[in-house]
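Here are the chains, one letter per residue:
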Amino acid sequence: MKVLTLHLKATHIFANRVNLGCWTDQTDVQLYQKLFKHIQQVVTGRTIKISDEGFSKQAKITWYLLTQFWVYEWSKNWLIKLQLDGCLKNITINQDAQWFERDVYQQPVHMPVAMMKLSTANQLLEIQAILFWTSVEMYRLGCRVRKFVWSATIQMLIIELRATETKQWLGYRIVLEAQGATLLTAIVPNGYDINSNGKKREINKHIEYKAYDKLWLETQDFKVLFQKQKQKWEDFWQLFDLTWEADYLWKHVYHRLMYQIYLEQSLAGIQTLMWADPVPVTGDFNCLIWQCDWRPVLTGLLAWLIGGKIVAQQLLIMTQPQLPLTGQRRLTIFLLNQSIKIRLSHAGMAVQPSKPLKVVSQGEKMICQRQCWTIVWQND
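Residues numbered from 1 in each chain as written. Predicted model: local features only at pLDDT ≥ 70, side-chain atom pairs only at ≥ 80, totals over all residues. Heavy atoms only, no water.

Q: Hey, could you run me through unusual backbone geometry in this one?
A: Glycine aside, the phi torsion of most residues is negative, and most peptide linkages are trans. One non-glycine residue, E165, lies in the positive phi region at around 75°. Inspection of the secondary structure assignment puts E165 in the loop between β12 (154-162) and β13 (169-178). Notably, N204 is not glycine yet its phi reads approximately 55°, a positive angle. Considering the arrangement of structural elements, one finds N204 in the loop between β16 (199-203) and β17 (206-212). Take N204: its relative accessible area is 74%, and that puts it in the exposed class. (Helix = DSSP H or I, 4+ residues; strand = E, 2+ residues; numbered from the N terminus. Buried < 20%, exposed > 50% of the residue type's maximum accessible area, 1.4 Å probe, protein only.)

Q: Looking at this structure, how should I read the sheet that holds strand β19 (residues 242-243)?
A: Within a sheet, each strand pairs with its neighbour through backbone hydrogen bonds, oriented either parallel or antiparallel. In space, the five strands of this open sheet follow the order β19-β22-β23-β24-β27, with antiparallel pairing throughout. Edge positions in the sheet fall to β19 and β27 (374-378), since each of these pairs with one other strand and no more. Pairing of strand β24 (residues 348-353) with β27, which is carried by four bridges, proceeds in the antiparallel orientation. The partner of M349 across the bridge, within β27, is W377. (Pairing = 2+ DSSP bridges.)

Q: Just to check I follow, could you spell out the nonpolar core for this structure?
A: Within soluble globular proteins, side chains that are nonpolar generally end up buried alongside one another. With 46 residues, the main nonpolar core has Y254, M258, F285, L298, L301 and I342 as its most contacted residues. Broken down by element, this core gets its largest block of residues, eight residues, from helix α6 (residues 248-262). Beyond its immediate chain neighbours, meaning those up to four positions away, Y254 contacts F240, L242, W244, M274, F285, L298 and L301. Within the second largest apolar cluster, 41 residues are counted, among which are L6, F55, Y72 and F100. (Core = buried A, V, L, I, M, F, W, Y, C linked by side-chain atoms within 4.5 Å. Contact = heavy atoms within 4.5 Å.)

Q: Would you take a moment to explain the pairing of strand β11 (residues 143-149) for this structure?
A: Counting buried positions along β11 yields seven of seven residues, so the element is predominantly enclosed. Here β11 shows no split at all, with C143, V145, K147 and V149 on one side and R144, R146 and F148 on the other all buried. Pairing of strand β10 (residues 131-138) with β11, which is carried by seven bridges, proceeds in the antiparallel orientation. For S135, the partnering residue across the bridge sits in β11 and is R146. Bridge analysis of β11 against β12 gives seven bridges, and the strand direction is antiparallel. Looking at β12, one finds that K147 is bridged to L157. Between the antiparallel neighbours β11 and β12 lie four residues.

Q: Would you mind showing me how to read the environment of H12 here?
A: As for its placement among the helices and strands, H12 is situated in strand β2 (residues 12-15). Classification of H12 as partly exposed rests on a relative accessible area of 28%. A sequence separation of 43 residues divides H12 from F55, and the C-alpha atoms of the two residues are 8.2 Å apart. When neighbours within four sequence positions are excluded, H12 is seen to be in contact with H7, N19, G21, C22 and W23.

Q: Explanation requested: the side chain of T282 in the structure shown.
A: Relative to the assigned elements, T282 resides in the loop between α7 (267-274) and α8 (294-298). On the basis of relative accessible area, T282 is assigned to the buried category, the value being 5%. Within the structure, T282 has its side chain in polar contact with the backbone oxygen of T299 (distance 2.7 Å). With sequence-adjacent residues up to four places away left out, T282 is seen in contact with P296, V297, T299, G300, L301 and W304. (Polar contact = N/O pair within 3.5 Å; in protein donor to acceptor, adjacent residues only side chain to side chain.)

Structure follows, in structure tokens:
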């Protein structure tokens, strides 16, 4: 099967024309198993269309599971297109899915601040209750986003910023939301340096914050820090950007490993590691279910890809580059006052330097002119 369309109606679910039954008669696990059973009939790399025809309004939590967790798992092997109710344009999930790591849990809420009390409309929310929640590591922003669902009308979002190189938590933002004109209350101990949109009142050794519909609490200068971290990660991904051939899984695993290494290593340390001598598992992005460690897979990755190294501002190609069977791989090497664009295809490797570049390849010496593509390795 090349294309599968899941019609999610207000009461029933169809896979193409096959009725999978009423969603209200199934648990989330049973529903996932039924959907996944039909999805597995689709050829890897082909398309799965998900059409919301009233389902999201009737099953909000299951819809959240489907669109915020399940489809990101499926998109590792298939092209996922989502069509919302009343919207003709499809949303393609795959591009965004390269930049997230998602997990789902059923556990008590773990707060970044000691919360003494949470309530909505004078009804106490049990913090230690077993709740459904998701955790998302956002590779582009360098932060973790967690979402907790108390009910169909009450939910909480927590954004936590993490420092590069040390993994230390830098700050957080907590947002409690409810539908309708609902009074929200949060009580925290004294001593926390917090901003909030809520009305503040001191109660003995505690601080009470109240607001309607949406109540947020955040550490001082959170917005400024968030923008700084965002720019820092944008610069990082530009520095280590790799364009892979049409193998989505490679992209996802590469982004995940690079995200992990920047949380533990400096930029200089990462550069040193990626220009080291390759090891047997260098570039092995076939490690599934996150079983691979970033250190061996990324060791010597740049040297492995181009089959050589940069020595004294010269490109020395000593072994055959890692040429794809189909499509292209692209990367840019940044040196002091110099950048070199690399293009790898089945035919060979070409470079485009920002300044004239000396290259030694296949026993020949050449000078590659600035802003011009020059073939430096030809496949036999």
